[in-house]
Amino acid sequence: FFFVASHITFPLIALAMPVSLSARVGVSSGARVGVCRVGGARVLGNVRTSAAASSAASSSLDLAGVSGGRVYNFSAGPACIYEDVLTTASSEMMNWENSGTSVMEMSHRGKEFMGIHAKAIADLRELLSIPDNYQVLFLQGGASLQFASIPLNLASAEDTADYVTTGSWGAKAIGEGKKFLKNANEAASTKSSGFTSIPATSEWSLSDDAKYVHICANETIQGVEFKTDVVPANGAPLIADMSSNFVSKPIDVSKYGIIYAGAQKNVGPAGLTVVIVRDDLIGNARADCPTMQNYAIMAENDSMYNTPPCYSIYMAGLVFDKLNKMGGLEAVEKVNIEKCAHIYDAIAGSDGFFNCPVDMTCRSAMNIPITIVNEDADKRAELEKAFIAEAGDLGMVALKGHRSVGGMRASIYNAMPIEGAEALAAFMKEFKAKHA
């Protein structure tokens, strides 16, 4: 699927409805809005007294009803979690299924947690249709630790591996690879164009002797996403960092040697790293590979060589179960496409006031960078600062762009409801009307 904003036909509901946002999303006094737990005292309990706040107070998008409640959290991670998952976790916090203990307190080798662990793996296998010749590992250290674990498990110090660099995380991956490989070959890079596109596979300069080819499937910072499962022409195993688009759409796991992802974007709380690795890539670790990074040791011990991130696994399991019950990743992807369409259409319909710098063929469904177009850099910075502040006053938080890119960024992972995307799109229209 190639996302092209101008070809999206989903109705921009938010922009078409001339009613206040509080009425449209059914917000009442003291209600909880959005999908992520943010304490009112920290975010909405103290109303800003800035000019932006005063402006927001008179906006047709006023969300006074969210005071003391929940917000639309557009954070890139840790990110929002499905509200019903949070409710389930809350109800089970003190006494999981009449066990008399919280999941946080369980022995990871007790039958209760072993059951939680096994079900989470089974549900993820069902969700992604993971073939039997792949292992599912629940590890720690974040996706960043995998930047080192991959060469330590798949290659010797004298070997070559290929890297395709399409953003900041791909750049970090090859940077770490250079510490452990004689030749970490950058087969392709879009750095010169600001990481706003993905080079065609025919343009990749792959090595005949590469032990693997590494990509970042979705660049969280730049908002660039591979839209299809690619196949390296040199036949080397494809390794993919899927941290920010994991379980957001169907994929063919058999096309990959390793898939890895930090959980804190689409799966649950920070602390868990999911690694899906093909059997033939296990058991080849270097002699000096640290025990905790050795896939064979972790697989042999069912990811429990030491105490695993138990509560994060439990939460991930609740999410996997929910996604299966929603109809699987086909249904999840349909919702995600509709969500991002609202925001991309708002950009396209702004008559050039807003811009997304990413090529239309690879715009992410998860992370949307947004800039305001103005030749005066100071004025542009002033407008972007006002946008972030006013949106925050309306209960839409964490929209500031990454420090390396600037502007704004809307991260709309699985758990962000369509109403959140509609709310942002409606606000963008109003902001443009005030400041254009």
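Residues numbered from 1 in each chain as written. Predicted model: local features only at pLDDT ≥ 70, side-chain atom pairs only at ≥ 80, totals over all residues. Heavy atoms only, no water.

## Looking at the pairing of strand S8 (residues 238-241)
A two-sided burial pattern is seen for S8, the buried positions comprising Leu 238 and Ala 240 on one face and Ile 239 and Asp 241 on the other. Bridge analysis of strand S5 (residues 210-216) against S8 gives four bridges, and the strand direction is parallel. Within S8, the position partnered with His 214 by the bridge is Ile 239. Two elements, S8 and strand S9 (residues 258-262), share three bridges in a ladder whose sense is parallel. Looking across to S9, one finds that Ala 240 is bridged to Ile 259. (Buried < 20%, exposed > 50% of the residue type's maximum accessible area, 1.4 Å probe, protein only. Helix = DSSP H or I, 4+ residues; strand = E, 2+ residues; numbered from the N terminus. Pairing = 2+ DSSP bridges.)

## What about unusual backbone geometry?
A cis amide bond links Gly 77 with the next residue in sequence, Pro 78, at an omega value of 0 degrees. Tracing the backbone through its elements, the reader meets Pro 78 in the loop between strand S1 (72-73) and helix H4 (83-91). In this model, Asn 98 sits at a positive phi of 60 degrees, which is unusual for a non-glycine residue. Mapped onto the elements, Asn 98 comes out in the loop between H4 and helix H5 (111-128). The class for Asn 98 is exposed, based on a relative accessible area of 73%.

## Comments concerning the sheet that holds strand S14 (residues 408-411)
The three strands are arranged S11-S12-S14 in an open sheet whose pairing can be described as antiparallel. Each edge of the open sheet is held by one strand with a lone partner, namely strand S11 (354-355) and S14. As paired strands, strand S12 (residues 367-372) and S14 are joined by four bridges and run antiparallel to one another. Bridge pairing in S14 places Ile 368 opposite Ala 410. Contacts from helix H10 (residues 329-348) reach S11, S12 and S14, with the element oriented near 20 degrees to S12. Sheet strands in contact with helix H11 (residues 377-393) are S11, S12 and S14, and its direction is about 130 degrees off that of S12. (Contact = heavy atoms within 4.5 Å. Axes fitted to C-alpha atoms, helices over the stretch in contact; angles between N-to-C directions.)

## As for the pattern of salt bridges
Scanning the model with the defined rule gives 15 salt bridges in all. The closest approach of N and O atoms between Glu 112 and Lys 111, which form a salt bridge, is 3.7 Å. On the basis of relative accessible area, Glu 112 is assigned to the partly exposed category, the value being 28%. You can call Lys 111 exposed: its relative accessible area is 69%. A salt bridge links Asp 252 to Lys 255; its shortest N-O distance comes to 3.9 Å. Assessed through its relative accessible area of 36%, Lys 255 is described here as partly exposed. (Salt bridge = Lys/Arg side-chain N within 4 Å of Asp/Glu carboxyl O.)

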